[in-house]
Amino acid sequence: EVERHVVSVEDQDELRKALPGMGLVAFVGDGAVLPRLSGASDEPLGSGEVVRFVSPEGLRVGVTLHSGAVASGMGIPPGVTVIVGGGYHGKSTLLAALQLGVYDKVPGDGRERVVAVEGAVKVRAEDGRAVHGVDV
């Protein structure tokens, strides 16, 4: 159990450090379980109820890690990234996972392959308010 945890954290760290060299600021691994059990829980949604993440072809990248594992998933480049979709399509769930990408996750969390560079931040406008005249 301890070895599994160490390998998981080392893979996350290695993946995070590889991002700048790939021209990326964040990565969401294929197969990640992004939804949580509830809005007040960090536990992943049960496996029978969840749709695992699948990256769009145009954003899919792959990284071979020292552990021998190959991480494939969606690479997010620097700059402003717009996430769009209908109601209950996972936009907020994806953002919640990405904003925690600067931290390592424990094995079984489902977001072990969701990482972001150290200085990544989330900028959000209050509902109904526009962001303008700001140098992000």
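Quick note: structure is the one above.
In this text, all values refer to a predicted model and were calculated from it rather than measured experimentally.

A. Representation of the pairing of strand S3 (residues 70-76) within the structure. Among the seven residues in S3, five count as buried, and that is most of the element. Alignment of strand S1 (residues 26-29) against S3, held across four bridges, turns out to be antiparallel. Paired with glycine 29 across the bridge in S3 is glycine 73. Bridge analysis of strand S2 (residues 60-64) against S3 gives five bridges, and the strand direction is antiparallel. Across the sheet, the residue bridging to valine 61 is glycine 73, located in S3. In sequence, S2 turns back onto S3 through a hairpin of five residues, with glycine 68 there showing a positive phi of about 100°.

B. Main features of the pattern of salt bridges. Under the criterion given, the structure shown has eight salt bridges. For the salt bridge of arginine 4 with glutamate 1, the shortest nitrogen-to-oxygen distance reads 3.6 Å. Lysine 17 is paired through a salt bridge with aspartate 13; the nearest N and O atoms lie 3.1 Å apart. Taken together, the residues span about one helical turn, with lysine 17 and aspartate 13 both in helix H1 (residues 2-18) at a distance of four residues. Among the residues examined, lysine 17 registers a relative accessible area of 61% and is labelled exposed.

C. Here's a closer look at H1. A rise of 1.5 Å per residue sets the reference length of H1, with its 17 residues, at 24 Å; its end C-alpha atoms lie 24 Å apart and thus fit the reference within 8%. Taken together, the buried positions of H1 are occupied by Ser8, Asp11, Gln12, Leu15 and Arg16. Within H1, the buried residues cover an arc of 130° as seen down the axis, which keeps them to one side. Opposite the buried face of H1, at more than 90 degrees from it, the exposed residues are Val2, Glu3 and Lys17. Each element contacted by the buried residues of H1 is listed here: S1, S2, S3 and strand S4 (114-116).

Conventions we followed
Residues numbered from 1 in each chain as written. Predicted model: local features only at pLDDT ≥ 70, side-chain atom pairs only at ≥ 80, totals over all residues. Heavy atoms only, no water. Buried < 20%, exposed > 50% of the residue type's maximum accessible area, 1.4 Å probe, protein only. Helix = DSSP H or I, 4+ residues; strand = E, 2+ residues; numbered from the N terminus. Pairing = 2+ DSSP bridges. Salt bridge = Lys/Arg side-chain N within 4 Å of Asp/Glu carboxyl O. Expected span 1.5 Å × (residues − 1). Arc of directions from axis to C-beta. Contact = heavy atoms within 4.5 Å.

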